[in-house]
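Structural overview for review
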Amino acid sequence: MDPTYTGSYGRIKAYGTDFLSEDSIKRLLGAKNPDEIATELFSTFYRTDMEQFSAVYKGIDLINMALNHRLIVRNRIALFAAPVPGRDVIRAYLAKWDITNIKSVISSKYLGYGVKETESFLLSFRDVPIGIFGGNLTKDDYNVLLSQSNIDSIVNYLSNFGYGQQLLLNMDRYRKTGDVSIFMSALDTYYYAKLIESVKFYNGDEGPLRRYISEEIDLRNIMVVLKAIDLGIEFERIREGLIQMGSIDLSRLQDLFSSGGIEKAIEKLSSFGNLGIDPKNYQENRRLESLENSIKTSMYRRYLDIFNSQALSVGSTFAFILRSELERERVRSISLGKYYSITEENIKALIF
Amino acid sequence: MPQMDIKPTRIELIRTNRRIKLAKRGLDLLKMKRSSLVMEFFAISRSVKGLRENLRSDMGEAIETVRMAEIVSGTMELERIAYMSADSTVAVNMKNVMGVRIPELSRNYSQTILSNQYRAVSVPTAINDAIKMFEKVYVQLVEIAEKENSMRKLLHEIDKTKRRSNAIENLLIPQLTASAKMIRMRLDEIERDMFTTLKMIKRKMERKEETVQ
């Protein structure tokens, strides 16, 4: 037991009471439209978030803004609650928002979109705001990035933050092929490498967190392989896009690819350990997303219980982050699902 | 054809009979063409009906898939990837069906960044599912547009063929038959006239011979 985590655990536990109960989620699911969901959320702790934006936003936009704001607040709580040894891994995990935004900046520059177009696309977007607290880049950094004239100068600017060094390694290949997807894969690889690297065995109980990250990489790799089978492309073309830090190595992934078809690959996946695959939905709708969702649900269920049981460890802080992300996803799925009149069955399949 | 213009000659009768024969052969050919066009029209309309039914359900499914993708991956991600898709072009070529030039569309879906490799590696699964569904719908839409255009052209040609065959069957052939009948009647009359004249001449010649004896 490490006493440095005592304060962190106490703070996380205190804020942990703020999460929506299962009954609240059921009530939200029973709502007819986003307005009813907004009314329901107004009676919870989301009231403070909603009050901040209610003058400008209404309905589904108000819900989104409140959810994003709450996520940022919770990420801040998690980052400050963690003691110094655990802060690195949380910072590395939250860098995923930076990665997403850098990808958008590179894509828009490649396509020749101007600052104005890209700015409105990125900065005033209703989704997770860029420069999210916990990420390394601030709003000012994104303004500088957007004002750069070409991809080379973007990569040069990013080299101040670590992301650029990884991108610089692929610069020659980009110049030869003109394909920016090389950068996208490089950023993903960099993100997971930093994440794995930041999980240090300080307490000795960081194993589950490492396993969780490995499984997240496995899930990503499996989906890349399944998509490649579906799109009918060769394994060699996706080899570089596979991240080799998961628990499933490259040869097993190649073996999975050589199954010949998605159904056979899914059958083979059952021998890959406890992935929690439920092929039923895929067989009905032929959508790989439902398969990914079943694996994700199983992962969240298993690891949330494990992290929650790790009282004085970075695991408890991580459980808090996962729960806040999960709650945002669930409420967002329900509200957008109701907004778009998606069947209740499909909404339920999305909300873990 | 005004009957006054008809020359009641034997050569004209032969010519008219030839024209009747030709018109009947043409009528048979037009009827055959019309039947083939109608058969082609119904074959296309059956496939269009099937495609339209599929399109309706596939479009609904595609819209639901893109909404699910928006929920799962977020609007920002969806728009980022949507920005990457390039314009596609549709080229129009022509093919010949029973003399009717109907359009044949060929698609060229240019993929700049959004290549299959990129989709497999960097596009979220939910968005990839949505892309797949909309690609399917796009192919169906082009196919339906091609077939419906062909149907329109075929219908126009069927109508034209029908008018032509009706004109031959109900106007040209009866007129030619009437002309032939009239020429035959006139020729018969001329023959009868000639016969009577010859008879009279013969009788007169006989009478003249009798008086001389």
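What counts, and at which threshold
- Residues numbered from 1 in each chain as written.
- Chains lettered and ligands numbered in written order.
- Predicted model: local features only at pLDDT ≥ 70, side-chain atom pairs only at ≥ 80, totals over all residues.
- Heavy atoms only, no water.
- Helix = DSSP H or I, 4+ residues; strand = E, 2+ residues; numbered from the N terminus.
- Contact = heavy atoms within 4.5 Å.
- Areas by Shrake-Rupley, 256 points an atom, 1.4 Å probe, with all protein chains shown as cover.
- Buried area = accessible area lost by both parts, 1.4 Å probe.
- Salt bridge = Lys/Arg side-chain N within 4 Å of Asp/Glu carboxyl O.
- Polar contact = N/O pair within 3.5 Å; in protein donor to acceptor, adjacent residues only side chain to side chain.
- Axes fitted to C-alpha atoms, helices over the stretch in contact; angles between N-to-C directions.
- Parallel < 35°, antiparallel > 145°, perpendicular 65-115°, else oblique.
- Buried < 20%, exposed > 50% of the residue type's maximum accessible area, 1.4 Å probe, protein only.
- pLDDT = per-residue confidence, 0-100.
- Phe/Tyr/Trp six-rings, centres within 6.5 Å; stacked < 30°, edge-to-face > 60°.
- Core = buried A, V, L, I, M, F, W, Y, C linked by side-chain atoms within 4.5 Å.
- Left-handed = near helix turned anticlockwise from the far one by under 90°.
- Nonpolar A, V, L, I, M, F, W, Y, C, P; charged D, E, K, R; others polar.
- Arc of directions from axis to C-beta.

Next up on the list: the overall build of chain A. Helix and strand counts for chain A stand at 21 helices and zero strands. Of the contacts made within chain A by residues no fewer than 6 positions apart, 64% connect residues no fewer than 24 positions apart. For chain A, the accessible surface area stands at approximately 15200 Å², while carbon and sulfur atoms represent 49% of it.

What follows concerns the interface of chain B and chain A. With 31 residues of chain B at the contact, the number on the chain A side is 43 residues. Summing both sides of the interface, chain B and chain A together bury roughly 3700 Å²; the carbon and sulfur share of this comes to 60%. Taken together, the connections running from chain B to chain A amount to one salt bridge. Linking chain B to chain A there are 14 residue pairs in polar contact (both at pLDDT 80 or more).

A few words on the packing of helix 5 (residues 59–81) of chain A against helix 6 (residues 84–94) of chain A. All names here are of chain A. Here helix 5 crosses helix 6 at 155 degrees, and the two axes come no closer than 8 Å. Judged by the angle between their axes, helix 5 and helix 6 are roughly antiparallel. Together, Asn75, Ala78, Leu79 and Phe80 of helix 5 and Arg87, Ile90, Arg91 and Leu94 of helix 6 make up the contact between the two elements.

With that settled, consider the environment of Asn281(A). Residue and element names in this part refer to chain A. Locating Asn281 in the fold gives a position in helix 18 (residues 280–285). The partly exposed category is assigned to Asn281, whose relative accessible area is 27%. When the C-alpha positions of Asn281 and Asn293 are compared, they lie 9.8 Å apart, and in sequence the two are twelve residues distant. For Asn281, the contacting residues outside a window of four places in its chain are Arg286, Ser290 and Ala349.

All names here are of chain A. When the pLDDT values of chain A are averaged, the result is 80; 90% of them are 70 or greater. Confidence scores differ between elements of chain A, with helix 8 (residues 115–122) showing the lowest mean pLDDT of 49 and helix 3 (residues 34–42) the highest of 90. Of the regions scoring below 50 in pLDDT, residues 119–134 engages in 57 contacts with residues more than four places distant in sequence or in other chains.

Residue and element names in this part refer to chain A. Going through the model one piece at a time under the given rule, you end up with 15 aromatic pairs over all chains. Taking the centre distance of 4.9 Å and the plane angle of 70 degrees together, the rings of Tyr93 and Phe318 count as edge-to-face. With Tyr93 in helix 6 and Phe318 in helix 20 (residues 314–339), this pair connects stretches of sequence that are 225 residues apart. We note that Tyr93, like Phe318, is buried. A centroid spacing of 5.8 Å and a plane angle of 65 degrees characterise the contact between Phe307 and Phe318, whose relative ring orientation is edge-to-face. Here Phe307 is found in helix 19 (residues 288–309), whereas its partner Phe318 is found in helix 20, with eleven residues between them in sequence. Three or more aromatic residues link up through ring pairs in this structure, and these residues are Tyr93, Tyr212, Tyr303, Phe307 and Phe318.

Below, the discussion takes up the pattern of salt bridges. Opposite charge on two side chains allows them to pair when their charged atoms are near. Tallied over the full model, the rule gives 25 salt bridges over all chains. A salt bridge links Lys132(B) to Asp230(A); the shortest N-O distance between them is 2.7 Å. Of the two residues, Lys132(B) is situated in helix 4 (residues 125–212) and Asp230(A) in helix 14 (residues 207–231); the pairing between them involves two chains. Its relative accessible area of 29% is what places Lys132(B) among the partly exposed residues. Given a relative accessible area of 27%, Asp230(A) falls into the partly exposed group. For Glu12(B), the salt bridge goes to Arg15(B), with nearest N and O atoms at 3.7 Å.

Here we take up the nonpolar core. Residues and elements named next belong to chain A. Core analysis: the biggest nonpolar cluster contains 98 residues, and Ile106 and Ile238 have the highest contact counts within it. When residues in this core are grouped by element, the largest group, 13 residues, is from helix 14. Contact partners of Ile106, with chain neighbours within four places excluded, come to Ile151, Ile154, Leu167, Val180, Phe183, Met184 and Leu187. With 27 residues, the next largest nonpolar core counts Ile37, Phe53, Ile342 and Leu350 among its residues.

Residue and element names in this part refer to chain A. Contact pair helix 19 / helix 20: the axes reach a minimum separation of 8 Å and the direction vectors enclose 140 degrees. Of the possible angle classes, the one that applies to helix 19 and helix 20 is oblique. Crossing of helix 19 over helix 20 shows left-handed handedness. Contacts from Tyr300, Leu304, Phe307 and Asn308 of helix 19 reach helix 20 at Gly315, Ser316, Phe318, Ala319, Leu322, Arg323 and Leu326. Looking at the contact of helix 19 with helix 20, its residues break down into seven nonpolar, three polar and one charged.

Residues and elements named next belong to chain A. Within the span of helix 1 (residues 6–16), buried status applies to Ser8, Ile12 and Gly16. Viewed along the axis of helix 1, the buried residues span an arc of 70 degrees, placing them on a single side of the element. Exposed residues lying more than 90 degrees from the buried face of helix 1 are Gly7 and Ala14. Summarising the contacts, the buried residues of helix 1 are in contact with helix 5 and helix 20.

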